[in-house]
Amino acid sequence: MSENTAGAATLRLEDERLLRGRGKYVDDMALARQAHGVVLRSPHAHARILAIDTSAAAALSGVLAILTADELRADDIGDIPCGINIPNHDGTPSMTPGRPTLVSGQVRFVGDPVAFIVAETATAAEDAAEAVMVRYEELPAVVDPAAALESAAPQLHDAAPGNLCMDWQGGDREAVDRLFASAAKTVALEARNNRISPSAIEPRVAIGDYDAGNGQYTLHIPSQGVHRIRGLLAGNVLKVPESRLRVMTPDVGGGFGVKLWLYPEHVLVLWAAQRLGRPVKWLGSRAESFLTDRHGRDVLTKGEMALNQEGRILALRIDNIANLGAYTSYFAPYIPTAGGTRVLPGGYQVEAIHMRVRGAFTNSAPVDAYRGAGRPENLFLVQRMMDMAAREMGIDAAEMQRRNLVMADAMPYTNVLGQTYDSGDFHANLEAALKAADWAGCAARKDRARKKNRRRGIGLACYVDPCGGNRDQYAALRFSADGGVQLAIGAQSSGQGHETVFAQIVAGRLGLDVADVRVLQGDSDIVPSGQGSSGSRSIPIGGNAAALATARSIGRGRAIAAGILEADTADITFTDGAYEISGTDRRIAFAEVLKASFDPARVPVGHDLGLDSRAQPMLRDVTFPNGCHTAEVEVDVDTGQVRLMAYTAVDDFGRVINPMLVAGQVHGATTQGIGQALLENSLFDEASGQLLSGSFMDYALPRADDLPAFTLERHEVPCRSNELGVKGCGESGTTVSPAAIINAVVDALSEYGVHHLDMPATPEKVWQLIRAGKEA
């Protein structure tokens, strides 16, 4: 198979420069006369600001400006808005107060920005920040979302009484109540889905510039899409036309959701640059990342499952409380509600579901979409209850899945929430995973582990992961006479391999070499519109946009090819990179037609030179990647240490453009899920609201020696709702792996009476459960 063809494991084009240290990141940049900014942050989780004295700091050498909320108001800089309002169950709007760029009056979490200090050097700015004197009146703090909703809890926002952002409900309560009343078996589970610090390898950084001559702002940031940030900054904060703001993103060292958002530092560098008449750079430290990057998860989940006597699911009842942190980030109200609960029906024939989700403000860093975006929390709850029901009913976990999964011949299948699965073979995924993991042979492996005073366990989880869809995307092709191609795309790579896979889509269709296709992204002046990359949409949305633009370029060349071949345009078809006369062997390659398209003598009257095209389709259809993952663990009885011994993933991502890139996505996403299941936990002190896991000494990311060699299999069932036949693949591993791993841990600990444990399954937690089981 040619490396130019979709489906080939083409090596990443961008790796040549990245591996040789030739990548360009924002921190590599230094603009002429660039000043440096430091954010002075609140050391308290909840306090009133009584006074700010900047006089000593302002007198220090090299200090250019000390900006506070007073200057912010004087310059009419707006708050950072929430991007979506989820209505309450009674139809009233949710409470989404804006977030100030610099706080006045009241700080609401440790790390809240209080002042911005700009100096000639970063060191001078840091010294000045230490000299700013702020008097606080400390207030009681609350970091637990359930406690925040209690009547006596400290109040964060006057606009949100009781710290309640929203009380959302969905589904059919009456049908659920009726099915529970008639159920032969019910199971219930309360679980805390632990808070995650995204921990991209590249911290956040921003450089702002302003040209007083034309009133033009320029912002350089690592992002997952420049256009949303530009829109919010221009329209809501700076209050200027979007045409006066250029946002640029070069190479990005990891995103995972954290770099989707507009942050106060973006505003500060632009505002300071405009006031000072020179560029201003802010570089976040790793400590600031832990404190102020958008966190993920942190949901108190409560689920109930009703089943009939054969173990078939009748109904689900969900009542969750989501910790939104101190402010509502852009998608924050949507992620735990309408976004995350879409995953609840899974691949099962559930008759009814009722969902309730409350969002609570707490004195902690704001929470928003992190890889999986609400779906991992809800899938974990359902898959854990499936495992519990199987154990309590004496049914093998795999057999429980068989009894509930929708059959392939039922496709397209509309689930209880109204989502239509266009394709999939859920049973085939299950059976392939069981075979690859040697599910039947685990009993012998358990016996061998016991002889070493270890307990071995195996678990599985099945998933359908609604993602992609409901977005437009911009794609434009620009050709040169020498055969070069530029694809301007509104998606944004943060390490996924966009330069390769988009080139494959274009080159494969046109019969060109992937090296001839240059992918342009991350510049709002070059790419005028776009939706960035989030929710596993890069290829389902961006890839199909690129394919449509390619088809339009092919269409533009048809008349030129007809002239060269001396045929009627209606008789010209296009196959395998060439135009041909239907029913004959007369053909001409696209590259030759492209060259001819720049010759005025060969271009039909009324046609522009070249074959440039653009597309911006609105692709509403969601894709439904699906699969089955299994995990096998060993637990050291003496220490509680959990070791992941084997991990198997069978996934249906539809038609795969580049198998190597897809394998990388599964490896990375699954590893992040393993981190949540076994290692990662962002913790706050309940009394003071101080972050207790604010460095990699206290926050454990998975390392290579925490991981087994993954067994990956693809079961490709092409998606029927888009031309490429693709399904999203970037988040599914994160969505399903925590459930598979905790099911395995519970299996290993079952002899000690363990029915559930919250993530992460740390040695201390596991050892305590073993000890309690022995004593019982």
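Nothing here was measured: the structure is a model prediction, and the numbers come from that model. (Residues numbered from 1 in each chain as written. Predicted model: local features only at pLDDT ≥ 70, side-chain atom pairs only at ≥ 80, totals over all residues. Heavy atoms only, no water.)

S.K.: Is there a simple way to explain the overall build of the protein chain in this structure?
M.R.: Looking only at helices and strands, the protein chain features 20 helices and 30 strands. Taken over the C-alpha trace, the protein chain has a radius of gyration of 28 Å; the compact-globule value for 776 residues is 28 Å, and the two agree within 12%. Within the protein chain, the fraction of its 776 residues that count as buried is 60%. Taking the contacts inside the protein chain whose residues are at least 6 apart along the sequence as the reference set, 79% of them involve residues at least 24 apart. As displayed, the protein chain offers around 28700 Å² of accessible surface, 49% of which is attributable to carbon and sulfur atoms. In the protein chain, 75 side chains carry a positive charge and 93 a negative one; their mean positions are 2 Å apart. (Helix = DSSP H or I, 4+ residues; strand = E, 2+ residues; numbered from the N terminus. Rg over C-alpha atoms; globule rule 2.2 N^0.38 Å. Buried < 20%, exposed > 50% of the residue type's maximum accessible area, 1.4 Å probe, protein only. Contact = heavy atoms within 4.5 Å. Areas by Shrake-Rupley, 256 points an atom, 1.4 Å probe, with all protein chains shown as cover. Lys, Arg positive; Asp, Glu negative; His and termini not counted. Charge placed at Lys NZ, Arg CZ, Asp CG, Glu CD.)

S.K.: Just checking my understanding: could you explain the nonpolar core for this structure?
M.R.: Side chains that are nonpolar tend, in soluble globular proteins, to be buried together. Membership of the largest hydrophobic core comes to 124 residues, with the highest contact counts inside it found for I117, M305, Y647 and I741. Considering every element that reaches this core, the biggest residue donor is helix 19 (residues 732–749), with 10 residues. Counting 45 residues, the second largest nonpolar core, distinct from the first, contains A69, V267, L270 and F331. (Core = buried A, V, L, I, M, F, W, Y, C linked by side-chain atoms within 4.5 Å.)

S.K.: Can you walk me through the pattern of salt bridges in this structure?
M.R.: Two side chains of opposite charge can pair, provided their charged atoms sit close to one another. For the structure on display, the rule yields 48 salt bridges. E304 is the partner of R317 in a salt bridge, and the nearest nitrogen-oxygen pair spans 3.2 Å. One end of the pair, R317, is in strand 14 (residues 313–325); the other, E304, is in strand 13 (residues 296–307), with 13 residues separating them in the sequence. Here E304 falls in the partly exposed class, since its relative accessible area comes to 25%. Its salt-bridge partner being R456, residue E634 comes within 2.6 Å of it at the nearest N-O pair. Within this pair, whereas E634 is found in strand 28 (residues 626–636), its partner R456 is found in strand 18 (residues 454–464), the two being separated by 178 residues in sequence. On the basis of relative accessibility, which here comes to 5%, the residue E634 falls in the buried class. Judged by relative accessible area, R456 falls into the buried class, the value being 14%. When salt bridges with common partners are traced through the structure, they connect D438, R445, R454, R456, E632 and E634 into a single cluster. (Salt bridge = Lys/Arg side-chain N within 4 Å of Asp/Glu carboxyl O.)

S.K.: Sorry if this is basic, but what is going on with the sheet that holds strand 29 (residues 642–652) here?
M.R.: Strand pairing within a sheet occurs via backbone hydrogen bonds; the two strands may be parallel or antiparallel. Strand order in the open sheet formed by 4 strands is 18-28-29-30, and the pairing between neighbours is mixed. Two strands in the sheet have a free side with no partner beyond their single neighbour: strand 18 and strand 30 (710–714). Going from strand to strand, the sheet's axes swing by 10° on average, the running direction of each strand aside. With respect to the sheet, helix 18 (residues 659–678) is in contact with strand 28, strand 29 and strand 30, its orientation differing from that of strand 30 by roughly 130°. On the sheet, helix 19 packs against strand 18, strand 28 and strand 29 and is oriented at approximately 145° with respect to strand 18. (Pairing = 2+ DSSP bridges. Axes fitted to C-alpha atoms, helices over the stretch in contact; angles between N-to-C directions.)

S.K.: Quick question: what am I supposed to make of the packing of helix 12 (residues 397–404) against helix 13 (residues 426–436) here?
M.R.: How two helices pack is summed up by the angle between their axes together with the distance between the axes. Look at helix 12 against helix 13: their axes get within 10 Å of each other, and the N-to-C directions meet at 165°. Between helix 12 and helix 13, the crossing angle belongs to the class labelled roughly antiparallel. Viewed along their axes, helix 12 and helix 13 form a crossing whose handedness is left-handed. Residues A398, Q401 and R402 of helix 12 lie in contact with helix 13, whose contacting residues are H427, L430, E431 and L434. Each residue belonging to the contact of helix 12 with helix 13 can be placed in one class, and the counts come to 3 nonpolar, 2 polar and 2 charged. (Parallel < 35°, antiparallel > 145°, perpendicular 65-115°, else oblique. Left-handed = near helix turned anticlockwise from the far one by under 90°. Nonpolar A, V, L, I, M, F, W, Y, C, P; charged D, E, K, R; others polar.)

S.K.: Help me understand the pairing of strand 15 (residues 352–361) in this model?
M.R.: Regular strands place side chains that alternate from one sheet face to the opposite one. Counting buried positions along strand 15 gives 9 out of 10 residues, so the element sits mostly inside the fold. Relative to strand 15, strand 7 (residues 164–171) is paired through 7 bridges, and the arrangement is antiparallel. Bridge pairing links W168 to V357 in strand 15. Pairing analysis gives 10 bridges linking strand 14 to strand 15, with the strands arranged parallel. For R317, the partnering residue across the bridge sits in strand 15 and is H354.

S.K.: Explain the pairing of strand 11 (residues 245–248) to me, please; I cannot follow it from the model alone.
M.R.: The two faces of strand 11 differ: L245 and V247 on one face are buried, but R246 and M248 on the other face are not. Since strand 10 (residues 216–220) and strand 11 lie parallel, the crossover through helix 7 (residues 226–238) that links them has a hand, and here it is right-handed. (Right-handed = clockwise from strand over helix to strand, strands pointing away.)

S.K.: Looking at this model, I keep getting lost on the environment of S533. Mind explaining?
M.R.: Within the fold, S533 resides in the loop between strand 22 (517–520) and helix 16 (538–565). Along the sequence, S533 and G257 sit 276 residues apart, while their C-alpha atoms lie 9.0 Å from each other. If we skip the residues at most four places from it in the chain, S533 touches Q224, L260, A491, Q492, Q496, H498 and S538. In this structure the side chain of S533 is engaged in a polar contact, spanning 2.8 Å, whose partner is the side chain of S538. (Polar contact = N/O pair within 3.5 Å; in protein donor to acceptor, adjacent residues only side chain to side chain.)

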